[in-house]
Amino acid sequence: MSVLAAAATAPSFAFVIGDHLPILQVIVPLLGAVLCALTRRGSFAFAIAALVSWSLLGVAIMLLWQVLGAAAPITYYIGGWAPPWGIEYRVDALNAFILVLVAGVGAITIPFAYRTVGKEIDEDKQSWFYALFLLCLSGLMGMAVTGDAFNIFVFMEVSSLSAYALIAMGSDRRALLAAYQYLIMGTIGATFYVIGIGLLYVVTGTLNLADLATRIGPAFGTAPQPILAALAFIVVGISLKLALFPLHLWLPNAYAFAPTFVTTFLAATATKVAVYILLRLYFTVFGGAISLSDLPIAEVLLMLSIAAMFIASILAVYEDSVERMLAYSSVAQIGCITLGMAIATRAGLTGSIVHLLNHAVMKATLFMAIGAVVYRVGTSCMSELAGIGRKMPLTMGLFVVAGLSIIGVPGTAGFISKWQLGIGAVDAGLWPLVFVLVGSSLIAVIYIGKVVEVAYFREPGDNLADARDPPASMLIPMALLGAATIYFGLDTTWSAQIADTAAQILIGGLK
Amino acid sequence: MTGNLAPFLVFYIGAALAALTSGALRSALMLCVPLAGAYNLWTLPPSTTLDLQLLDYTLQLVRADKLSLLFAWLFHLAAFIAILFALHVKDRTQAVAGLVYAGSAVGAVMAGDLITLFVFWEMLAVSSVFFILARGSAHSYATAMRYLIIQVASGVILLAGILFHAKATGSIAFGSIGLPTFDGSAAAIGAWLILIAIFIKAAVPLFHNWLTDAYPEATATGTVFLSAFTTKVAVYALARGFAGVDLLVTIGTIMALYPIFFAVIENDLRRVLSYSMMNQIGFMIVGIGIGTNLAINGAVSHAFNDVIFKGLLFMSMGAVLYRTGTTKASELGGLFRSMPWTTTFCLVGALSISAVPLFSGFVSKSMIMVAAIEEGHPLVWLALLFASAGVVEHAGIKIPYFAFFAHDSGQRPKEAPLNMLLAMGLAALVCIFNGAYPWILYAALPFPVDYAPFTFEHILTQVQLLAFAVLAVVALHKSGLYPDEIPSRNIDAEWTYRKALPAVSGAVLALATLTRRGVETIGGKLVSRIERELRRQNGPEGYFGRDWPTGFMALWTTAMLGAYLLFAYL
């Protein structure tokens with residue numbers, strides 16, 4: 001009898017949950033943040049953060065599942081208010097993919113936080129730390145899930161403000177300056193964005209993305225210049241957020257001095273969500289309404305991407321601090337992502353989108369590995385790390401795996417991205433870009449090779465006397481993402497295929 | 001794959017085990033690896049494949065056909081000989097690197113698709129560099145880095161080529177690629193890039209400096225490993241992808257001739273062998289370029305024989321280096337008194353490379369020569385004949401003569417260690433066996449062999465060639481025109497007996513040396529200049545690397561916005 005009753009209620013419960021998946025992406029971490037803020041014990045707050053992150057991943061995967069099964073994007077009206085008056089959440093393959101990416105990185109890396117936060121953050125600030133982390137997570141999820149331009153701005157501020165505070169909590173005093181610089185630059189970026197949105201609102205009278213896409217076209221006939229100005233403001237503003245070269249100057253210090261968990265999380269997610277916003281606005285909103293060649297954005301993006309892939313890679317070569325090296329490598333890899341965007345074909349965009357995932361996975365592994373080294377040795381300067389590979393074999397082994405992926409060795413995720421981008425370049429007739437891609441890989445060989453040389457081919461010094469692999473709570477997240485680096489290099493069902501679907505959505509809407 | 005491992009895996013597993021063991025156990029283990037590999041290969045069902053799906057492509061990790069199997073067998077044999085030769089070396093890094101290197105070579109020749117080939121291509125590069133690093137000097141470190149950069153760059157070019165090729169043909173299978181005329185299409189760019197990548201690995205002239213730079217710089221045992229694999233993988237790749245491409249005939253001919261001049265004047269005997277290696281690869285490339293069944297058979301069988309006899313010569317020089325600490329011709333001489341076995345083995349190698357009948361070089365090289373004539377390339381045939389005479393001089397006579405005979409240097413080193421002697425003995429045995437009874441080798445060739453090596457005509461041609469070459473050297477030596485201790489003066493002697501083209505050769509030689517020096521110095525200076533400039537710009541204190549004030553970052557942002565707005569309003 002009771003079994004029957006449960007069977008009868010279960011579908012309706014699942015039905016209710018299934019209906020509200022979009023809003024849960026934001027609400028779950030937001031409530032978690034409040035709970036964390038109310039606790040006074042760091043370990044308690046950690047438990048909340050971990051539970052929230054894990055359940056959030058479940059929710060995100062369910063949503064992706066729904067989206068892949070549905071014929072049209074899933075829409076959700078906040079408070080039942082239909083757009084254009086109410087805020088609409090609108091989920092298709094592209095942002096469902098991003099949601100899983102962000103939630104996945106959060107869920108997998110959160111155990112890494114327990115030890116590192118315990119060591120780097122004062123006990124009385126730890127619950128605040130987790131509250132901020134969940135706020136940041138909720139902001140990033142919100143940016144990805146929402147279909148409203150102003151709502152994007154709100155969530156952008158939620159994630160950015162919490163990120164500034166998180167970076168400032170780094171134990172190095174230079175973290176304060178880095179956070180301050182990030183604050184200034186991030187605010188400029190957000191301001192530019194909101195100016196752009198404001199201009200669009202003035203000429204179209206709407207903030208809903210789908211609505212904007214249909215209204216910009218007619219408005220362009222009467223007032224083209226405000227719309228182009230809006231495009232310029234939005235592109236530059238988001239370019240700052242995603243650290244497009246040369247607007248990346250805030251990034252290396254922010255990543256180098258932030259608490260290691262924050263670096264890992266932000267490097268894998270924050271810039272990726274910014275890329276998503278740019279893709280969405282540029283292709284779906286503007287691309288659906290006006291001819292994108294009215295502004296030379298693709299050309300500028302192409303040049304800056306190439307510059308990023310080379311200059312930032314070379315900067316990485318000369319960096320002594322592995323954390324800063326990885327930060328520069330991130331700038332270079334973001335160059336790869338924007339390169340695919342500049343190519344703007346289905347294959348190129350597939351490369352971009354799949355690299356969002358692949359880069360997140362491998363960079364998180366790298367930052368965790370070097371974070372583990374910092375946890376044990378207290379520094380990430382190569383001059384101090386001679387022979388670390390023998391002292392921390394698992395950690396550095398994973399570093400090498402992810403490093404190979406940065407280089408783009410077949411069998412790793414990085415190869416899939418590079419290959420897709422290369423195919424995209426040849427496809428679009430931009431074949432010199434193939435040399436740009438392999439050339440930047442060659443530079444990556446040098447900077448990853450430098451770490452390998454230091455770690456494995458030198459005798460360990462006295463400062464490494466008690467260095468050893470970190471505890472399981474740090475190793476397991478690293479190993480999971482390291483394994484994912486290999487997995488996504490061999491099986492592309494969940495990466496390239498979804499990315500391809502997403503790319504088709506973006507290209508399909510183009511005018 | 002019925003219970004068999006992928007052939008390269010045997011070596012990789014062996015390498016992992018070698019990393020964990022040491023001493024006699026590791027030595028025994030290492031010897032077992034190629035044997036286990038050979039067993040695995042023997043029991044491999046015919047035309048086995050091992051496929052894997054990636055993106056829209058099929059990766060074929062293992063493809064066993066006649067061509068790939070022949071090279072796989074060759075590499076197993078070479079690996080066994082090289083490991084035996086290096087058995088006394090107590091260096092874990094070299095042991096592991098050697099197994100990975102050999103395994104990668106096996107993997108590369110058995111790769112059925114281009115991406116798998118690329119992976120092993122780069123593995124070859126990375127694993128082989130340790131033999132050069134192992135010398136431990138600052139000079140060898142610099143050499144190793146140069147070597148690594150060129151090798152990795154070759155792989156990167158290969159990858160770029162694969163991308164174009166895959167886009168143009170929709171497939172990454174590694175079959176015949178061919179060389180379309182260069183018209184800017186993806187297919188043409190792909191084929192050319194792949195070809196250039198292979199050229200670098202094959203040390204084709206102007207891409208060859210890494211070989212003559214790095215091989216003499218490796219350890220005594222390391223060069224033996226190096227000489228066996230890298231360039232032969234490239235030869236395999238050419239045979240697989242570019243058989244019958246006319247350009248290769250020209251390039252191969254140049255390659256067979258080009259190093260002779262340098263080999264003659266070179267003082268370091270291991271560098272002489274490096275040049276001689278290029279020369280032999282030139283023969284193989286000509287064969288591949290001609291592309292008939294006979295020519296391909298000749299090229300492939302010559303690759304097989306070359307690995308063994310060149311390995312043997314490198315081993316004998318390695319033994320000399322091991323005992324005396326040098327391979328400079330001017331510091332050696334008269335070693336036959338105390339190293340009789342090494343001398344004997346070296347002579348077998350020298351006879352083989354000189355293509356003396358009943359030694360291995362004869363049965364394979366003459367196939368290429370005959371194919372050249374049959375396919376109407378008389379000039380190529382002549383050039384190869386001239387190159388053969390050069391081989392007799394610099395590899396057949398110069399190497400054993402200066403090292404073991406000539407002017408007595410007074411050194412009385414001990415005979416080489418037993419493991420070295422066994423390795424050399426095994427190689428010598430293979431040389432003689434293949435030379436006297438080539439039918440087993442012939443049966444393993446990719447095409448049915450319809451060629452009789454020991455005809456009166458073939459033997460007569462070769463013996464004449466040999467006789468005249470030897471006679472000339474002997475005559476010159478007797479008349480005092482062949483001074484043995486200042487090898488750089490050999491040129492004069494050379495030119496006197498090759499009266500047919502003295503002036504031209506002299507000019508070519510001078511020009512070639514000059515160009516090479518010029519390219520090397522200018523190139524070297526340019527590279528260090530660029531490096532310095534890059535460091536200045538991008539180092540931690542450089543323009544892009546230093547910490548900028550916030551206002552500056554904002555300025556960049558404004559500039560970018562301004563630029564866009566300007567476009568919007570113009």
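Everything quoted here is computed from the prediction, not taken from an experiment. (Residues numbered from 1 in each chain as written. Chains lettered and ligands numbered in written order. Predicted model: local features only at pLDDT ≥ 70, side-chain atom pairs only at ≥ 80, totals over all residues.)

This part is about the overall build of chain B. Each helix and strand counted, chain B has 21 helices and two strands in total. Against the globule reference of 25 Å for 570 residues, chain B gives a C-alpha radius of gyration of 25 Å, in line with a compact fold. Viewed in the frame of its principal axes, chain B has a C-alpha envelope of about 90 × 55 × 55 Å. A burial count over chain B gives 55% of its 570 residues as buried. (Helix = DSSP H or I, 4+ residues; strand = E, 2+ residues; numbered from the N terminus. Rg over C-alpha atoms; globule rule 2.2 N^0.38 Å. Buried ≥ 20, exposed ≤ 12 C-beta atoms within 10 Å, placed from the backbone.)

This part covers the overall build of chain A. The helix and strand inventory of chain A stands at 20 helices and two strands. Over its C-alpha atoms chain A spans a radius of gyration of 22 Å, differing by no more than 12% from the 24 Å that the globule rule assigns to 511 residues. By residue count, 65% of the 511 residues in chain A fall in the buried class. A separation of at least 24 residues holds for 81% of the contacts in chain A among residues at least 6 apart in sequence. (Contact = placed C-beta atoms within 7 Å.)

With that settled, consider the interface of chain B and chain A. Listed by partner, the interface residues are 36 residues for chain B and 44 residues for chain A. The set of elements that each furnish at least two residues to the side of chain B that touches chain A consists of helix 5 (114–133), helix 6 (138–169), helix 7 (186–202), helix 20 (502–538) and helix 21 (550–569) of chain B. With twelve residues, helix 21 of chain B is the largest single contributor of residues to the side of chain B that touches chain A. Along the lines of polarity and charge, the residues of the side of chain B that touches chain A split into 28 nonpolar, five polar and three charged. (Nonpolar A, V, L, I, M, F, W, Y, C, P; charged D, E, K, R; others polar.)

Okay, the confidence of the model for chain B next. Residue and element names in this part refer to chain B. A residue-level look at chain B finds 90% of positions with pLDDT of 70 or above and a mean pLDDT of 85. The element-level mean pLDDT for chain B is lowest in helix 19 (residues 490–497), coming to 34, with helix 3 (residues 66–85) highest at 94. Predicted confidence is poor over residues 483–502, with pLDDT under 50, and the contacts of this stretch with residues over four places away or in other chains come to 28 contacts. We note a pTM of 0.87 for the whole complex and an ipTM of 0.84 for its interfaces. (pLDDT = per-residue confidence, 0-100.)

The next thing to look at is unusual backbone geometry. Residue and element names in this part refer to chain A. Look at the link from F245 to P246: it is a cis peptide, with omega at 0°. In this fold, P246 is placed in the loop between helix 9 (224–241) and helix 10 (251–257). Phi angles above zero are rare outside glycine, and A344 is one such case at about 55°. Within the secondary structure, A344 sits in the loop between helix 13 (322–343) and helix 14 (346–377). Classification of A344 as buried rests on a count of 23 C-beta atoms within 10 Å.

Below, the discussion takes up helix 2 (residues 21–38) of chain A. Residue and element names in this part refer to chain A. Along its 18 residues, helix 2 runs 26 Å from first to last C-alpha, staying within 8% of the 26 Å computed at 1.5 Å per residue. The sharpest bend along helix 2 measures roughly 25° and falls at I27, with the proline P29 sitting one to four residues further on. All of the buried residues along helix 2 are L21, P22, L24, Q25, V26, V28, P29, G32, A33 and C36. (Expected span 1.5 Å × (residues − 1). Bend = angle between axes of the 7 residues up to and from the residue.)

Its 20 residues give helix 5 (residues 126–145) of chain A an end-to-end C-alpha distance of 28 Å, which sits within 8% of 28 Å, the value for a rise of 1.5 Å per residue. Burial of helix 5 of chain A is extensive: 20 of the 20 residues sit out of reach of the surface.

Parts of the prediction with low pLDDT should not have their coordinates interpreted in detail. Of all residues in chain A, 97% have pLDDT values of 70 or greater, and the mean over the chain is 91. Contacts of residues 1–8 of chain A to residues separated by more than four positions or lying in other chains number zero contacts, the stretch itself having pLDDT below 50.

It is worth spelling out the pairing of strand 2 (residues 57–63) of chain B at this point. Successive side chains on a regular strand alternate, one facing one side of the sheet and the next facing the other. Residues and elements named next belong to chain B. Counting buried residues along strand 2, five of its seven residues qualify, which places the element largely inside the surrounding structure. Where strand 1 (residues 49–54) lies against strand 2, six bridges are found, and the strand directions are antiparallel. In the strand pairing of strand 2, T49 is matched with R63. The turn linking strand 1 back onto strand 2 is made up of two residues, and L55 within it adopts a positive phi angle of 50°. (Pairing = 2+ DSSP bridges.)

All right, on to the environment of B:L257 then. Residue and element names in this part refer to chain B. Relative to the helices and strands, L257 is located in helix 10 (residues 246–265). Sequence spacing of L257 and E457 is 200 residues, and the spatial spacing of their C-alpha atoms is 24 Å. Excluding anything up to four places from it in sequence, L257 contacts A383, F386 and A387.

So, on to the nonpolar core. Core analysis: the biggest nonpolar cluster contains 442 residues, and A:F97, A:L99, A:I167, B:F75, B:L238, B:L312 and B:L313 have the highest contact counts within it. Beyond its immediate chain neighbours, meaning those up to four positions away, B:F75 contacts B:A102, B:A105, B:V106, B:V109 and B:F229. (Core = buried A, V, L, I, M, F, W, Y, C linked by C-beta atoms within 7 Å.)

Residues and elements named next belong to chain A. Closest axis-to-axis distance for the helix 17 (residues 413–427)/helix 18 (residues 432–456) pair is 8 Å, and the angle between their directions is 155°. Here helix 17 lies roughly antiparallel to helix 18, going by the angle between them. Contacts between helix 17 and helix 18 involve K418, L421, G422, A425 and V426 on the former and, on the latter, L433, V434, L437 and S441. (Axes fitted to C-alpha atoms, helices over the stretch in contact; angles between N-to-C directions. Parallel < 35°, antiparallel > 145°, perpendicular 65-115°, else oblique.)

All names here are of chain B. Mapped onto the fold, K232 is located in helix 9 (residues 222–241). Note on K232: 27 C-beta atoms within 10 Å, which makes it buried. Here the alpha-carbon distance between K232 and F75, two residues 157 residues apart in the chain, equals 9.3 Å. If we skip the residues at most four places from it in the chain, K232 touches F71, A303 and V307.

So, about the packing of helix 13 (residues 340–353) of chain B against helix 16 (residues 418–436) of chain B. Residue and element names in this part refer to chain B. It is at 10 Å that the axes of helix 13 and helix 16 come closest, and there the two elements cross at 30°. When the axis of helix 13 is compared with that of helix 16, the two are roughly parallel. Between helix 13 and helix 16 lies a crossing whose hand is left-handed. Every residue of helix 16 that contacts helix 13 at W341, T342, F345, V348, G349 and S352 is listed here: L421, M424, G425, A428, C431, I432 and G435. In the contact of helix 13 with helix 16, the residues fall into eight nonpolar, five polar and no charged. (Left-handed = near helix turned anticlockwise from the far one by under 90°.)

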